[in-house]
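An overview of the molecular structure
So the chains spell out like this:
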Amino acid sequence: MRLNINLASVKYEDVRRFYLRWGTALVVASLLTIVLAVLAAYNQSRSSQTNREIRELQQKISELEKKRAEAEAFENSPENRDVTEQKNFWNAQIAKRSLSWTQLFNDLQKIMPGRAYVISVAPELTQDNRLKLKLMIGAEQYANAIDLVKRMETSPRFRQPQITSEVVQKDQRTGVNTFRLDIETYYTPAGLMPHASSKEGL
């Protein structure tokens, strides 16, 4: 018996190319899975380390706050009150003596706008031993005083300047309005001048 087979009617499939493509895709997917797993493990490790460091810092902060509270309680005890008051007094005097009037006015002159001027300066020492200045500034225009505050904000000597009051005054002779502003700011002296006169201290 004779059979006729038409080979052209049978669909040809390249099995080798099929396995090559899917094998490559499988390898790439496996590599991506491994990379993602490694990244996830690394992030988990970093997160655990960060949380551990945060807990350690919080513990240290708690210990420091506890020691500070104990030190304050010791200083404020009745038997140590006199010593504490003397210490605070002398610390205040030392801090005040570190202010040089010459240096202060030189620093103010560097940042003072052309149409603004200093009327008065009143330094005081805060409870945390920071030197605070209460300045009374006169200006021909309000913008001059605002410019002074902006310059203080970028100065290495002055910190956190704030305008506490504003007054508009009219010159009786010229009839021109002038501005008077009260400014409070923290001041950091560069240090004691080598040959400062005793008149420069407070």
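1. Regarding the pattern of salt bridges
Oppositely charged side chains can form a pair if their charged atoms are brought close together. Evaluation of the coordinates by the stated rule reveals 5 salt bridges. Residue Glu124 is joined to Lys134 by a salt bridge in which the shortest nitrogen-to-oxygen separation is 3.8 Å. Here the residue Glu124 occupies a position in strand β1 (residues 116–125), and Lys134 occupies one in strand β2 (residues 131–139), the gap between them amounting to 10 residues. Using a relative accessible area of 32% as the deciding quantity, one classes Glu124 as partly exposed.

2. A few points about the sheet that holds β1
Judged by pairing direction, the sheet is antiparallel, and its 4 strands sit side by side in the order β1-β2-β4-β3 without closing on themselves. The open sheet has two edge strands, β1 and β3 (158–170), and neither has a second partner. Across the sheet, the axes of successive neighbouring strands diverge by a mean angle of 15 degrees, strand direction being ignored. Taken together, the 9 bridges between β1 and β2 define a ladder with antiparallel strand orientation. Opposite Val121, over in β2, you have Leu135 as the bridge partner. On the sheet, helix α3 (residues 101–111) packs against β1, β2, β3 and β4 (177–187) and is oriented at approximately 135 degrees with respect to β1.

3. Section: α3
Listing the buried residues of α3 in full gives Trp101, Gln103, Leu104, Asp107, Leu108 and Ile111. Looking straight down α3, one finds its buried side chains confined to an arc of 165 degrees; they lie on one side. Exposed residues lying more than 90 degrees from the buried face of α3 are Gln109 and Lys110. Those residues of α3 that are buried are in contact with β1, β2, α4 (142–153), β3 and β4.

What counts and how
- Residues numbered from 1 in each chain as written.
- Predicted model: local features only at pLDDT ≥ 70, side-chain atom pairs only at ≥ 80, totals over all residues.
- Heavy atoms only, no water.
- Salt bridge = Lys/Arg side-chain N within 4 Å of Asp/Glu carboxyl O.
- Helix = DSSP H or I, 4+ residues; strand = E, 2+ residues; numbered from the N terminus.
- Buried < 20%, exposed > 50% of the residue type's maximum accessible area, 1.4 Å probe, protein only.
- Pairing = 2+ DSSP bridges.
- Axes fitted to C-alpha atoms, helices over the stretch in contact; angles between N-to-C directions.
- Contact = heavy atoms within 4.5 Å.
- Arc of directions from axis to C-beta.

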